[in-house]
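Each chain, written out:
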Amino acid sequence: MSSDSRDGTQVASSQPSGSRRPVYRVESTGNFWQDAREAFKMPCARNSLMSGIASGVGVGVIRIMSAGFLVGSHWAVGTFMVVSLGTWTVCQRNIEAERRKLQKVVEEMPKRFIKQKDKAIDESGGS
């Protein structure tokens, strides 16, 4: 609440005093190196980081030989970021597509069994 300078009355602010932004908890062991080792267990993390590192080093070395150390290091970091994020995004999209296909198959599975039972009942004579 804030006070109005003209008449001294209290004016309610746009946010209630009890509400705050949500606090997001991050699972951490408290040890940086342990957390860094756990990061490679995320889907697609290892492949995308390795691709980014390899391409960043390659482009960086070529640019360092042709344009100098500062320019080459900028190119190396930029290439690492672009390739890592690109491969991670493609990998995540592929995983999501696979999950959708699997979910569709699981949803259609009972329908297939019902159709097979109906055919078996029709062939056996109805009862």
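Just above, that's the structure.
Conventions adopted
Residues numbered from 1 in each chain as written. Predicted model: local features only at pLDDT ≥ 70, side-chain atom pairs only at ≥ 80, totals over all residues. Heavy atoms only, no water. Helix = DSSP H or I, 4+ residues; strand = E, 2+ residues; numbered from the N terminus. Buried < 20%, exposed > 50% of the residue type's maximum accessible area, 1.4 Å probe, protein only. Contact = heavy atoms within 4.5 Å. Areas by Shrake-Rupley, 256 points an atom, 1.4 Å probe, with all protein chains shown as cover. Polar contact = N/O pair within 3.5 Å; in protein donor to acceptor, adjacent residues only side chain to side chain. Disulfide = S-S within 2.5 Å. Expected span 1.5 Å × (residues − 1). Patch = residues over 30% accessible without salt bridge, like charges linked within 9 Å, V, L, I, M, F, W, Y side chains within 5 Å. Salt bridge = Lys/Arg side-chain N within 4 Å of Asp/Glu carboxyl O.

1. Considerations on the overall build of the protein chain
Thought 1: On a plain count of helices and strands, the protein chain comes out with 3 helices and 2 strands.
Thought 2: Reading the protein chain from its N end, one meets helices and strands in the order β-β-α-α-α.
Thought 3: Here the protein chain holds 127 residues, and 8% of them are scored as buried.
Thought 4: Sequence-distant contacts in the protein chain: of pairs separated by 6 or more residues, those separated by 24 or more amount to 46%.
Thought 5: For the protein chain, the exposed area adds up to about 11200 Å²; of that, 60% sits on carbon and sulfur atoms.

2. A word on the side chain of S84
Thought 1: Structurally, the position occupied by S84 is in helix α3 (residues 69-124).
Thought 2: Overall, the relative accessible area of 8% leaves S84 in the buried class.
Thought 3: Side-chain polar atoms of S84 contact the backbone oxygen of S48, separated by 3.4 Å.
Thought 4: Those residues in contact with S84 that sit more than four places away from it in its chain are S48, L49 and G52.

3. Focus on the side chain of T79
Thought 1: Examined against the element boundaries, T79 turns out to sit in helix α3.
Thought 2: Among all residues touching T79, those that are not within four sequence positions of it are S55, G56 and V59.

4. Remarks on the state of the cysteines
Thought 1: Summed over all chains, the structure comprises 1 disulfide.
Thought 2: Here C44 connects covalently by a disulfide to C91, the sulfurs 1.9 Å from one another. Taking the sign of the S-S torsion, about -70° here, the bridge from C44 to C91 comes out left-handed. Separated by 47 residues along the polypeptide, C44 in the loop between α1 (32-39) and α2 (45-67) and C91 in helix α3 bring together distant segments of the chain.
Thought 3: You can call C91 partly exposed: its relative accessible area is 24%.

5. Quick notes on α2
Thought 1: For α2, with 23 residues, the first-to-last C-alpha span of 31 Å sits near the 33 Å given by 1.5 Å per residue.
Thought 2: If you check which residues of α2 are buried, you get A45, S48, G52, G56 and G60.
Thought 3: Positive phi shows up at G68, right after α2, with a value of about 110°.

6. Remarks on unusual backbone geometry
Most peptide bonds adopt trans geometry, and most residues besides glycine take a negative phi value.
Thought 1: A positive phi angle, near 75°, is found at C44, a position not held by glycine.
Thought 2: What makes C44 buried here is its relative accessible area of 10%.

7. Some points on a nonpolar patch on the surface
Thought 1: A contiguous nonpolar surface patch, about 770 Å² in accessible area, is contributed by F40, L49, M50, I53, V57, V61, I62 and M65.
Thought 2: Looking at the element boundaries, M50 is found in helix α2.

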